[in-house]
Amino acid sequence: MTELLLIRHGLPMGGVYDPGLSPEGTDQAERLAAWLVHEDIDALYVSPFQRARETAAPLERLTGLTATVLDDLREWDTDVSHPYTPPEQIRADDPRSVALAEGRYEDFVPDLDWEAFRARSVRAMDTILDAHPVGRVAAVCHGGITNTYLATMLGLPLMFWFHPGYTSVSRVRRLPGGRVVLHSVNETAHMIAERAVDAAA
């Protein structure tokens with residue numbers, strides 16, 4: 001069996017191109033790494049975007065793993081003609097902000113080529129799972145990729161169906177027969193708790 005952890009990046013800076021993490025996002029990434037270091041992760045993958053790479057950095061440091069950059073893990077916002085703005089920083093009267101507040105997540109990016117994005121999200125996860133027939137693998141990526149892959153796996157009509165927290169972890173498992181099943185969605189315990197570790201470990 002393979003367990004794949006889909007991790008959303010930490011809170012990025014706003015108003016810049018391909019932003020790195022904000023101070024809050026850096027703290028989130030450190031808490032995530034301290035939580036996951038006890039899980040015996042065998043491999044680490046990361047989106048090429050700076051906010052994902054900086055989120056993976058503390059986990060690389062604590063585990064000794066070197067993240068593999070996988071281009072298919074990148075988010076939908078590939079238009080670099082505008083600075084990136086985190087959804088939480090968009091004006092309240094902006095239609096995208098209203099859509100997010102009302103749970104109409106797909107309306108946040110109405111012009112997205114949904115089928116191409118779906119195909120890329122599935123290809124990314126298949127690439128990782130095929131490379132690791134057993135073990136535990138983490139992929140630091142984005143909310144849209146996680147949304148779309150889980151929706152496709154579950155056969156949901158909407159591809160954006162929940163709003164992952166920053167550095168949240170969602171888990172899927174590929175069973176020995178090849179079937180991929182959902183194990184958890186949007187874990188954020190590391191943001192409010194310290195992990196209890198068995199003294200013998």
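Residues numbered from 1 in each chain as written. Predicted model: local features only at pLDDT ≥ 70, side-chain atom pairs only at ≥ 80, totals over all residues. Heavy atoms only, no water.

An unreviewed UniProt entry annotates the protein chain as Histidine phosphatase family protein of Streptomyces sporangiiformans.

J.: Could you clarify how one ought to interpret the overall build of the protein chain in this entry?
T.: Regarding its fold elements, the protein chain presents 5 helices and 6 strands. The N-to-C order of helical and strand elements in the protein chain reads β-α-β-α-β-α-α-β-α-β-β. The C-alpha atoms of the protein chain give a radius of gyration of 16 Å, which matches the 17 Å a tight globule of 201 residues would have. For the protein chain, the C-alpha atoms occupy an extent of roughly 55 × 40 × 25 Å along the three principal directions. A total of 201 residues make up the protein chain; the buried ones form 47% of that total. (Helix = DSSP H or I, 4+ residues; strand = E, 2+ residues; numbered from the N terminus. Rg over C-alpha atoms; globule rule 2.2 N^0.38 Å. Buried < 20%, exposed > 50% of the residue type's maximum accessible area, 1.4 Å probe, protein only.)

J.: Please clarify how the packing of aromatic side chains should be interpreted in this entry.
T.: The geometry of an aromatic ring pair comes down to the distance between the two centres and the angle between the two planes. By the definition in use, this model includes 3 aromatic pairs. Ring centres 5.0 Å apart and planes at 80° place the aromatic pair W114 and F160 in the edge-to-face group. In this pair, W114 is assigned in helix 4 (residues 114–131) and F160 in the loop between helix 5 (143–154) and strand 5 (169–174), connecting sequence segments 46 residues apart. F160 matches W114 in its accessibility class, with the two residues each being buried. Note on F117 and F160: the rings are 6.2 Å apart at their centroids and 80° apart in plane angle, and the pair reads as edge-to-face. On the criterion of sequence distance, the pair formed by F117 in helix 4 and F160 in the loop between helix 5 and strand 5 is long-range, its members being 43 residues apart. The two residues F117 and F160 agree in class, both being buried. In this structure an aromatic cluster arises from ring pairing among W114, F117 and F160. (Phe/Tyr/Trp six-rings, centres within 6.5 Å; stacked < 30°, edge-to-face > 60°.)

J.: Which parts of the structure should I look at to understand the nonpolar core?
T.: Across soluble globular proteins, nonpolar side chains show a tendency to be buried alongside one another. Judged by nonpolar contacts, the single largest core of 29 residues is most densely connected at L4, Y45, L73, M125, I128 and Y149. Broken down by secondary-structure element, the contributors of at least two residues to this core are strand 1 (2–8), strand 2 (43–46), helix 4, strand 4 (135–141) and helix 5. Ranked by residues supplied to this core, first place goes to helix 4 with 6 residues. If we skip the residues at most four places from it in the chain, Y149 touches L6, S121, V122, M125, L129, V172 and V180. Of all hydrophobic cores here, the second largest spans 17 residues; its members include I7, L32, L59 and A138. (Core = buried A, V, L, I, M, F, W, Y, C linked by side-chain atoms within 4.5 Å. Contact = heavy atoms within 4.5 Å.)

J.: Honestly, the pattern of salt bridges in this entry has me stumped. Any pointers?
T.: Opposite charge on two side chains allows them to pair when their charged atoms are near. For the structure on display, the rule yields 16 salt bridges. Note that E3 is salt-bridged to R136, the shortest N-O span being 2.7 Å. On the criterion of sequence distance, the pair formed by E3 in strand 1 and R136 in strand 4 is long-range, its members being 133 residues apart. Residue R136 is classed as partly exposed on the basis of its relative accessible area of 24%. Notably, a salt bridge pairs E30 with R61, separated by 2.8 Å at the nearest N-O pair. Of the two residues, E30 sits in helix 1 (residues 23–36) while R61 sits in helix 2 (residues 50–63), which places them 31 residues apart along the sequence. Here E30 falls in the partly exposed class, since its relative accessible area comes to 30%. Linked by salt bridges that have partners in common, E3, E39, R136, R171, R173, E187 and R195 make up one network. (Salt bridge = Lys/Arg side-chain N within 4 Å of Asp/Glu carboxyl O.)

J.: Can you walk me through the packing of helix 1 against helix 2 in this structure?
T.: Geometrically, a packed helix pair is captured by the angle between its two axes and the distance between the axes. Between helix 1 and helix 2, whose axes approach to 8 Å, the crossing angle comes to 35°. Considering only the axes of helix 1 and helix 2, their crossing is right-handed. For the pair helix 1 and helix 2, the contacting residues are A29, E30, L32, A33, A34 and L36 in the first and E54, T55, P58, L59, R61 and L62 in the second. Tallied by class, residues from the contact of helix 1 with helix 2 come to 8 nonpolar, 1 polar and 3 charged. (Axes fitted to C-alpha atoms, helices over the stretch in contact; angles between N-to-C directions. Left-handed = near helix turned anticlockwise from the far one by under 90°. Nonpolar A, V, L, I, M, F, W, Y, C, P; charged D, E, K, R; others polar.)

J.: Explanation requested: helix 1 in the structure shown.
T.: The end-to-end C-alpha separation of helix 1 is 20 Å, in line with the 20 Å expected for 14 residues at 1.5 Å each. Those residues of helix 1 hidden inside the fold are in contact with strand 1, helix 2 and strand 5. (Expected span 1.5 Å × (residues − 1).)

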